[in-house]
Amino acid sequence: MEKYRDGQRELHCVFVDLEKVYDRVPREELWYCMRKSGLAKKYVRVVQDMYERSRTVVRCAVGQTEEFKVEVGLHQGSALSPFLFAIVMDQLSEEVRQESPWTMMFADDIVICSESREQVEENLERWRFALERRGMKVSRSKTEYMCVNEREGSGTVRLQGEEVKKGAGGNWATVGRRRRGGRRVHRQREKRKGKSVGLRIGTLNVGTMTGKGRELADMMERRKVDILCVQETRWKGSKARSIGAGFKLFYYGVDSKRNGVGVVLKEEFVRNVLEVKRVSDRVMSLKLEIEGVMLNVVSGYAPQVGCELEEKERFWSELDEVMESIPTGERVVIGADFNGHVGEGNRGDEEVMGKFGVKERNLEGQMVVDFAKRMDMAVVNTYFQKREEHRVTYKSGGRSTQVDYILCRRGNLKEISDCKVVVGESVARQHRMVVCRMTLMVCKKKRSKIEIEKITKWWKLKKEEYCEEFRQKLRQALGGQVVLPDDWETTAEVIRETGRKVLGVSSGRKKEDKETWWWNEEVQDCIQRKRLAKKKWDMDRTEENRQEYKELQRRVKREVSKAKQKAYDELYTK
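Residues numbered from 1 in each chain as written. Predicted model: local features only at pLDDT ≥ 70, side-chain atom pairs only at ≥ 80, totals over all residues. Heavy atoms only, no water.

1. A word on helix H3 (residues 27-36)
Working note: α-helix, 3.6 residues per turn, so residues spaced by three or four point in the same direction. Along H3, the residues classified as buried are Arg 27, Glu 29, Leu 30, Trp 31, Cys 33 and Met 34. Summarising the contacts, the buried residues of H3 are in contact with helix H4 (41-51) and helix H5 (81-92). Residue Gly 38 follows H3 closely and has a positive phi angle near 95°. (Buried < 20%, exposed > 50% of the residue type's maximum accessible area, 1.4 Å probe, protein only. Helix = DSSP H or I, 4+ residues; strand = E, 2+ residues; numbered from the N terminus. Contact = heavy atoms within 4.5 Å.)

2. A few points about the sheet that holds strand E19 (residues 293-301)
Whenever strands of a sheet pair, they do so through backbone hydrogen bonds, lying parallel or antiparallel. Read across the open sheet, the six strands follow the order E17-E18-E19-E20-E24-E21; overall the sheet is mixed. In the strand order of this sheet, the two ends are held by strand E17 (273-278) and strand E21 (377-379), each with one partner. Going across the sheet, the axis of each strand differs from the next one's by a mean of 20°, ignoring polarity. With three bridges joining them, E21 and strand E24 (residues 404-409) adopt antiparallel strand pairing. By the bridge assignment for E24, Met 377 is matched with Arg 409. Running over the sheet, helix H10 (residues 309-324) touches strand E18 (283-290), E19, strand E20 (331-337), E21 and E24 and is turned about 20° from E18. (Pairing = 2+ DSSP bridges. Axes fitted to C-alpha atoms, helices over the stretch in contact; angles between N-to-C directions.)

3. Focus on the pattern of salt bridges
With the rule as written, the count across this model stands at 27 salt bridges. For Arg 546, the salt bridge identified is with Glu 313, shortest N-O distance 2.2 Å. Of this pair, Arg 546 sits in helix H15 (residues 543-573) while Glu 313 sits in helix H10, and the two are 233 residues apart along the sequence. The buried category is assigned to Arg 546, whose relative accessible area is 13%. Note that Arg 361 and Asp 349 form a salt bridge whose closest N and O atoms lie 2.9 Å from each other. One end of the pair, Arg 361, is in the loop between E20 and helix H11 (363-375); the other, Asp 349, is in the loop between E20 and H11, with 12 residues separating them in the sequence. Here Arg 361 falls in the partly exposed class, since its relative accessible area comes to 29%. On the accessibility criterion, Asp 349 (6% relative accessible area) is buried. The network of salt bridges with shared partners includes Glu 493, Arg 496, Glu 497 and Arg 500. (Salt bridge = Lys/Arg side-chain N within 4 Å of Asp/Glu carboxyl O.)

4. Thoughts on the packing of aromatic side chains
This model, assessed by the stated rule, comprises eight aromatic pairs. Look at Phe 315 and Trp 316: their rings are 5.1 Å apart centre to centre, the planes differ by 70°, and that puts the pair in the edge-to-face class. Here Phe 315 matches Trp 316 in class, with each residue buried. Relative to Phe 338, the ring of Trp 316 lies with its centre 5.3 Å away and its plane at 15°, an arrangement referred to as stacked. (Phe/Tyr/Trp six-rings, centres within 6.5 Å; stacked < 30°, edge-to-face > 60°.)

5. Some remarks on the sheet that holds strand E16 (residues 261-265)
With mixed pairing, the seven strands of this open sheet are ordered in space as E14-E15-E16-E13-E12-E26-E25. Among the strands making up the open sheet, the edge pair consists of strand E14 (237-244) and strand E25 (416-422). Sheet twist, expressed as the mean angle between neighbouring strand axes with direction ignored, is 20°. Of the strands in this sheet, strand E12 (195-205), strand E13 (227-231), E14, strand E15 (247-253), E16, E25 and strand E26 (433-442) touch helix H8 (residues 213-223), which is tilted by about 60° from E14.

6. Brief notes about empty space enclosed by the protein
One pass over the structure, following the stated rule, counts six cavities of 30 Å³ or more. Here the largest cavity defines a volume of roughly 70 Å³. Lining the largest cavity we find Glu 275, Lys 277, Ser 285, Leu 286, Lys 287, Asn 296, Val 322, Ser 325 and Ile 326. Listing elements by their share of the lining of the largest cavity, those giving two or more residues are E17 and E18. Here the lining of the largest cavity takes three residues from E18, the largest share from any one element. (1 Å grid on protein atoms, 1.4 Å probe; cavity = no way out; pocket = protein on both sides within 12 Å on 5 of 7 lines; lining within 4 Å. Points joined across faces, edges and corners; volume = space filled by probe spheres on them.)

Interpretation in functional terms is not warranted from these geometric data alone.
Okay, here's the thing in structure tokens:
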């Protein structure tokens, strides 16, 4: 080995990795290898009894599937499986294995070494053929080639015409470190590695935007706020306007004296806006794409305590519709002045809020909690223990309350690292800005260039015309023989080739999942009736029309739930 350490000669190494080896071991090969290795027949029969009629189930979100047979592979988690796998690998590689150091085996990892690139490429092909004809499969993406003491013009190694990925070259010590888990550690680091995008998202009732645009932009710049939901803008129209310092306000209002909502974005996020929904002068939403992550920002302004019940119900109905229109896989952040107190403590409501609210809950605060439960949201303000000064969002005279909130999906609550009220700003006279720090984890995975297998359309044999044509073509291919040849591999290849010619093959393109793959006629019909009832109620605000609309809302939710459950049941049955 001194000649390789001193750099006198090249050493070419290929690190072969096998795909899903435990799951790919053919049972017949296992019995054959056990007998060939000299194990007593009674031990072979014992292992066969362990694997005979083995069945398993798959656990999923809604329960377990029905049992199904497992006719290939070794038992996962069994203490006997590593020993059986070692026997299989020892017997299958007997004809191609060479003396050390030219071939080394580490369980399912194989190292092939040679002093010439041509020789190591030839040995790699021999190993591939010996393993794959017995049911194993060499991983093209994880197999790597490395040359120690590499010189110019050494070239590359190919596997079935495809160039093997080249690892880091180096001295002899590099090879030792590599086989002691270097590739595995590298893969684990690649899995963990992901880009994170930090955002500061806030909400503020500004009282009015007239004359406050530049002041608001300066405050966001100083406080490093990227996205701000604003309420009570009192600007009429549905536009987008620059307010200075690179910030842009998307707003909507129907009256210059009351209400109005908007969302202010930092300059770098303005071009990421995909959609703006201006529902009413109390609800609007923006959809942004940030590094491939869909983020929906909703700004809301609930009616005050003294407003009529109809106006409050209309607001919550609009907010419900906005939430229902957002796919479950997308992130949502709601910044709103709900004009309600969720209260201190969270007994009975632990799943949607923390215990760090302010004072006691009122009726409007209960509506906020009910909405959070209904939409699987979390009231972010209440999860972080702060001094009361950094929890109070509204101060007027001797009153100190909490009415402004930030909400997010419960599943994304772990991405929120902090949330508090900012004091000492004078943009709004009575309200204070609430800001949370959110970190979006963006894990970009490289798409492997693996071609999807094209499948022969054997299901066409159910039709008589295809079945008859297949018989005729197969007889011609076998030369009119009635008795099949003894070589089954040859016969099977003839059958497969005839099937491809007569029946055709699939395109190999993967079908993309659709968000509404469970959508059916009953759901569509029910939603259409709900739309008509809403329109009827908008035109004639009677109690009868209101109750009809409410009943159809509940029915739509039930029908959607039933449709999803039915679709899942059919999928699991298949």
